[in-house]
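# Structural description and commentary
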Amino acid sequence: MDNSSTRSSEDQITIWNTWALTVTHEACEYTDQKFIAEKTGGDPVIPSPKLDTDLVMACDQLVDRLIKAYNNPIQMEIDIARYSRLISLKETGHNEEREEKLLQRCPPGHEGTKLIYIPATIIDASGAIIAWYLPDALTDATQKEMLAATEFLGPSLTKSVKADSNWQTNTQWFKQGLDDVGLTPGCINFSLAWFQQGHEHLSDPEVPVSLKGPSSKSILKAIARPAAIATAALRVMHPEQYFAGMQAFSVLREKAESKELPKMSENLQYWASVFNTLTIISNQETPNHRDHLSIPECFDILPTAGNYSNACMSMPSLQLEFKYDPGCMIAFSRIIVRHGVHAVEGDQIAWVWGSVEWMV
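Since the structure is predicted, the reported quantities are computational estimates derived from the model, not experimental observations.

Rules used throughout
- Residues numbered from 1 in each chain as written.
- Predicted model: local features only at pLDDT ≥ 70, side-chain atom pairs only at ≥ 80, totals over all residues.
- Heavy atoms only, no water.
- Salt bridge = Lys/Arg side-chain N within 4 Å of Asp/Glu carboxyl O.
- Helix = DSSP H or I, 4+ residues; strand = E, 2+ residues; numbered from the N terminus.
- Buried < 20%, exposed > 50% of the residue type's maximum accessible area, 1.4 Å probe, protein only.
- Phe/Tyr/Trp six-rings, centres within 6.5 Å; stacked < 30°, edge-to-face > 60°.
- 1 Å grid on protein atoms, 1.4 Å probe; cavity = no way out; pocket = protein on both sides within 12 Å on 5 of 7 lines; lining within 4 Å.
- Points joined across faces, edges and corners; volume = space filled by probe spheres on them.
- Nonpolar A, V, L, I, M, F, W, Y, C, P; charged D, E, K, R; others polar.
- pLDDT = per-residue confidence, 0-100.
- Contact = heavy atoms within 4.5 Å.
- Pairing = 2+ DSSP bridges.
- Expected span 1.5 Å × (residues − 1).

Using the criterion set out here, one finds 17 salt bridges in the structure. Here R235 and E29 are joined by a salt bridge, their closest N and O atoms 3.0 Å apart. Highlighted residues: R235 in helix α8 (residues 224–237) and E29 in helix α1 (residues 20–40), separated in sequence by 206 residues. Salt-bridge contacts for D52 lead to R225; the nearest nitrogen and oxygen are separated by 3.0 Å. Here D52 is found in the loop between α1 and α2 (53–70), whereas its partner R225 is found in helix α8, with 173 residues between them in sequence. We classify D52 as partly exposed; its relative accessible area is 37%. Note on R225: relative accessible area 18%, which makes it buried.

Turning to the packing of aromatic side chains, a few remarks are in order. What the rule picks out here adds up to six aromatic pairs. Ring geometry for Y242 and F243: centres 5.0 Å apart, planes at 85°, overall edge-to-face. Of the two residues examined, Y242 and F243, each falls in the buried class. By way of ring pairs, the aromatic residues W271, F275, W351 and W353 are connected into one cluster.

Another aspect to go through is the layout of surface pockets. Taken as a whole, the largest pocket holds about 730 Å³ of empty space. What lines the largest pocket is a set of 34 residues, among which Q168, N189, T279, D291 and R334 lie closest to the centre. Counting only elements with at least two residues in the lining of the largest pocket, the list comes to β7 (186–191), β8 (277–282), β9 (286–289), β14 (339–341) and β15 (345–354). Grouping the constituent residues of the lining of the largest pocket by class yields 13 nonpolar, 18 polar and three charged. Counting residues per element, the ones that place at least two in the lining of the second largest pocket are α6 (154–160) and β7. Residues belonging to the lining of the second largest pocket are distributed by class as follows: eight nonpolar, seven polar and three charged.

Moving on: the confidence of the model for the protein. When the pLDDT values of the protein are averaged, the result is 87; 89% of them are 70 or greater. When the criterion is pLDDT under 50, residues 196–200 qualifies, and its contacts beyond four places in sequence or with other chains add up to four contacts.

Of the two faces of strand β13 (residues 329–332), the one carrying M329 and A331 and the one carrying I330 and F332 are both buried. Where strand β6 (residues 129–134) meets β13, three bridges bridge the pair, whose relative direction is antiparallel. Each bridged residue has a counterpart across the sheet, and for Y133 the counterpart in β13 is I330. Bridging between strand β10 (residues 300–309) and β13 involves four bridges; their strand directions are antiparallel.

The subject of this paragraph is α1. Its 21 residues give α1 an end-to-end C-alpha distance of 31 Å, which sits within 8% of 30 Å, the value for a rise of 1.5 Å per residue. Looking one or two places after α1, you find G41, whose phi comes out positive at around 75°.

Okay, structure coming up:
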């Protein structure tokens, strides 16, 4: 292994040059610098030679949508900090009576449901950004890579769907793709490491079953570019979360080496995101809900791809709906903001990049 390393000038975080995360970091720095330059009218930004043409084009398209969203703030009357204090971290969002009371106590400030279909940021009463909405954020190349990776994971998606499970993997919420030959329906999760729940500080990190097999390297390579794009968006949206994620993976590397966990060390070389979990959802309708494993202070990022129409993401706690067409990206906290995506016509996939509390 190459023992040379590169450090973040801001947080002095070590990233090994052999890691996929190194290329992601270069893409993130380019995206952030280009965003600042376009926002302030600064000089053009030259991308690192480590970035290939497709990745540079993907970052450029992302910045264009980020700038448009930043320049289109939609003001809400809700105080999201106050609202978050009313929500238990065990909330599922399925109790309609409870949700109606929350809406009455913290109304968004407008009547009825608004449809959002152009890039925007959703701003609370204090000026905090609740959500970023970026339609057409993904290039065609990135969407094709998401589709190819999802197709590669078809057998795992098939095994994930059960008749007697909770709604996330229950048969009734899935549909077959176009003409019964489309994308395999299912919902699967990936992460580099888990701790035994309730024993985060006592147990050693473990490699999840999903990344223990012989195909783990192929899986991680298949998701690398979409991982870099989602992480580049986070670099602009929430720098503190971005650098906290970088620090977490630096700590995880040290634990993998000190505990002599070769499979985890190997997987770390190919994981290309500062998010510690990825959920791949294929051809699934989701009811309005909250994800209780999500972190209130963090953004989750949900890009989508496929061949479908008529998709909307609903956020009833904000009385908003967003057009959720292929190539769209939405960022928000999935525990704070109740949300759902209803049935669509065609093949749809959504990748959910997030962070989980009991990860490193």
